[in-house]
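Summary of the model geometry
Given next are the chains, with one letter for each unit.
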Amino acid sequence: MLVALSWLTISVMAEINPSHTLSKNHTGVFISVILYVLIPLLSVIMQHAVFAIGKPVRFFIALTAYHIFLTFAVYWASAVSHRDYQSLLFQLILVFIAAVLLQIPEFRISRNKKQIYKTTFYFVMIIFIIFLFWLMLMGYAIVTRSEPRWIESTAYNFVGAFISLVMLMCAVALHHRTYQVFEVTGNNIVWNDDDISDHFTQAEKSVLLTYVHNPESCTCNTLTGIIEPEETGQCRVCIEKGWSAINCKNFRKAKKYTLAIKKYLELLGVGTIVQVSEKYHLIKQYGWKLRFFDDVLFVKSRNK
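Residues numbered from 1 in each chain as written. Predicted model: local features only at pLDDT ≥ 70, side-chain atom pairs only at ≥ 80, totals over all residues. Heavy atoms only, no water.

Its place among the elements puts Ser-78 in helix H3 (residues 56-80). Looking at Ser-78, its side chain comes within polar contact range of the main-chain oxygen of Tyr-75, at 2.9 Å. Non-local contacts of Ser-78, meaning those with residues more than four positions away in its chain, are made with Arg-83, Tyr-85 and Gln-86. (Helix = DSSP H or I, 4+ residues; strand = E, 2+ residues; numbered from the N terminus. Polar contact = N/O pair within 3.5 Å; in protein donor to acceptor, adjacent residues only side chain to side chain. Contact = heavy atoms within 4.5 Å.)

Written out as structure tokens, the structure is:
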């Protein structure tokens, strides 16, 4: 759609010639149908066909063939109709980059994935900044009226800015995939777009959500209030009298659920649960906390 939008914008500007500086060549009905209907329609159809290809290598071959077709179409259109069609060549570079960014995750990169995604993101940011600088120069030329075809230039650069924003959004989406996402939405627990709430019992899910909502610390008393609400009064007596934690049934339950959740989170690659204090005998007072792994992005959303 981006290529078709740019192509049609150039076609309209070439047809109406708002600046009255460079008129288009006279074309017959057959050539006009190709310029205004066939090429934009083929562009949309071919684009959908390219993105329907699942195999990465075949995708890149088809994408390259698609852009070669567009390049020939641009030079043909500029020869028979108007030279402004050549401005589409620069926008095709941005479209090509955006398409590649969308396909990179399909390569299933396992080694140095985070570094590759970040490097790609920074590379695209440099391109975006260069294009932004170009737009500033064009804007200055238009404002100072040193650009004779300012109406056409404004239209072309507006479309180019839109394409560059799409490219930037694709880069941001790729950078976001550098991380694995652990999301809590209400009572739903989502890991990389998969709802894993049913993988926990109701008690385990309540305990896990307690850890999520209390990132600094979850004490034995806090967890007992979730697991056995009627037993919370004994926690005060336990702490006051200095009872051994291992002899407390509430502590054993809290620890049992904590260990079960910890093993499952570590298996998924989400994170782990650690003691807040390095001293074991202080667990009753300071408890545990949830620690996400470095490549995990935690998102807490509102109820849907």
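There is more to say, and it comes next.
Bringing the side chain of His-82 into the picture now. Looking at where His-82 falls in the secondary structure, it is placed in the loop between H3 and helix H4 (88-103). Engagement of the side chain of His-82 in a polar contact is seen with the backbone nitrogen of Asp-84, the distance being 3.1 Å.

Right, let's get into the environment of Gln-86. Assignment of secondary structure puts Gln-86 in the loop between H3 and H4. Since its relative accessible area comes to 35%, Gln-86 is described here as partly exposed. Taking the C-alpha atoms as reference points, Gln-86 and Ala-73, 13 residues apart in sequence, are found 9.7 Å from one another. If near-sequence neighbours (up to four positions away) are discounted, Gln-86 is found in contact with Val-74, Tyr-75 and Ser-78. (Buried < 20%, exposed > 50% of the residue type's maximum accessible area, 1.4 Å probe, protein only.)

If you trace the 4 strands from one edge of the open sheet to the other, you get E3-E2-E1-E6, paired in mixed fashion. Strands at the two margins of the open sheet, each flanked by one partner only, are strand E3 (194-195) and strand E6 (296-301). In terms of strand pairing, strand E1 (residues 180-185) meets strand E2 (residues 188-191) through 4 bridges, oriented antiparallel. In the sheet register, Val-184 faces E2, and the bridge partner there is Ile-189. (Pairing = 2+ DSSP bridges.)

Time to look at the packing of aromatic side chains. Taken as a whole, this structure holds 10 aromatic pairs when the rule is applied. Every member of this aromatic cluster is reached through a ring pair, and the members are Phe-182, Trp-191, Phe-292 and Phe-298. Directly above the ring of Tyr-257 sits Lys-256, whose terminal nitrogen or CZ lies 5.0 Å from the centroid. (Phe/Tyr/Trp six-rings, centres within 6.5 Å; stacked < 30°, edge-to-face > 60°. Lys NZ or Arg CZ within 6 Å of the ring centre and 35° of its normal.)

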